[in-house]
Amino acid sequence: MSLLIVGGTGTLGRQIVLQALTKGYPVRCLVRNFNKANFLKEWGAELIYGDLSKPETIPPCFQGITAVIDASTSRPSDYLDSIKTVDWEGKLALIAAAKVAKVKRFIFFTPTSVEKFSEIRLMKTKQKIERILKESTIPYTIFTLTGFYQGLIEQYAIPILENLPIW
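Residues numbered from 1 in each chain as written. Predicted model: local features only at pLDDT ≥ 70, side-chain atom pairs only at ≥ 80, totals over all residues. Heavy atoms only, no water.

The next thing to look at is the environment of Gly50. With respect to the helices, strands and loops of the structure, Gly50 is situated in the loop between β3 (46–49) and β4 (67–70). Taking the C-alpha atoms as reference points, Gly50 and Asn33, 17 residues apart in sequence, are found 9.0 Å from one another. Discounting residues that sit within four places of it in the chain, Gly50 has contacts with Leu30, Val31, Arg32, Thr57 and Cys61. (Helix = DSSP H or I, 4+ residues; strand = E, 2+ residues; numbered from the N terminus. Contact = heavy atoms within 4.5 Å.)

As structure tokens, this is what we get:
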């Protein structure tokens, strides 16, 4: 099984990439910036240019891919435009490309209980993408996380996983 990982440079994504490589899976990471993603290449992942805000860059990333793991998301500090272009239009393009490529599994991460927070634009968008993925013909898995805890992961979990000191 060959994996396309979207969001591989992020907090969650980098752990997914590391675990997949450790298990021996061929891993391709869709990246916008090769310099920022160079560490993934050093780990053994193949890097391919793609940008969720530029949907036309997505289909070529799927050549030879059997599963996609989407660990990407806008951050709270991103502009609202990012939610529309990345988390809505980009995810729609990602799902469409996965369908054309006939991937065997699409894995998506979303916060728990997004329906309770529909007044928050990002949560409402995640809920819509969940629905579209469920209605698609693509075999999928949706992992609901209790939160992304950016600071907690970066300041504690990653140093623990990489045997670094915690400050």
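Turning to the pairing of strand β2 (residues 27–31), a few remarks are in order. Extensive coverage of β2 is indicated by the burial of five of its five residues. Residues of β2 alternate between two faces, with Val27, Cys29 and Val31 on one and Arg28 and Leu30 on the opposite face, all of them buried. Bridging between strand β1 (residues 3–6) and β2 involves four bridges; their strand directions are parallel. Bridging across to β2, Val6 finds its partner in Leu30. (Buried < 20%, exposed > 50% of the residue type's maximum accessible area, 1.4 Å probe, protein only. Pairing = 2+ DSSP bridges.)

Bringing the packing of aromatic side chains into the picture now. The full count for this structure, using the stated rule, is two aromatic pairs. Each ring, one from Phe109 and one from Phe143, has its centre 5.4 Å from the other, and the planes form 20°; the classification is stacked. Taken together, the residues Phe109 in strand β5 (residues 105–111) and Phe143 in strand β6 (residues 140–145) connect sequence positions 34 residues apart. Taking the relative accessible area as the measure of exposure, Phe143 reaches 40% and is therefore partly exposed. Positioned above the aromatic ring of Trp88 is the side chain of Lys128, whose terminal nitrogen or guanidinium carbon lies 5.6 Å from the ring centre. (Phe/Tyr/Trp six-rings, centres within 6.5 Å; stacked < 30°, edge-to-face > 60°. Lys NZ or Arg CZ within 6 Å of the ring centre and 35° of its normal.)

Another aspect to go through is the nonpolar core. Buried together is how nonpolar side chains tend to be arranged in soluble globular proteins. Within the largest apolar cluster, 23 residues are counted, with the highest numbers of intra-cluster contacts made by Leu4, Phe62 and Phe106. Of all the secondary structure elements, the ones that give two or more residues to this core are β1, α3 (80–100), β5 and α4 (121–135). When residues of this core are assigned to their parent elements, the largest contribution, six residues, is made by α3. Residues Leu3, Ala20, Ala45 and Ala71 belong to the second largest nonpolar core, which totals 19 residues. (Core = buried A, V, L, I, M, F, W, Y, C linked by side-chain atoms within 4.5 Å.)

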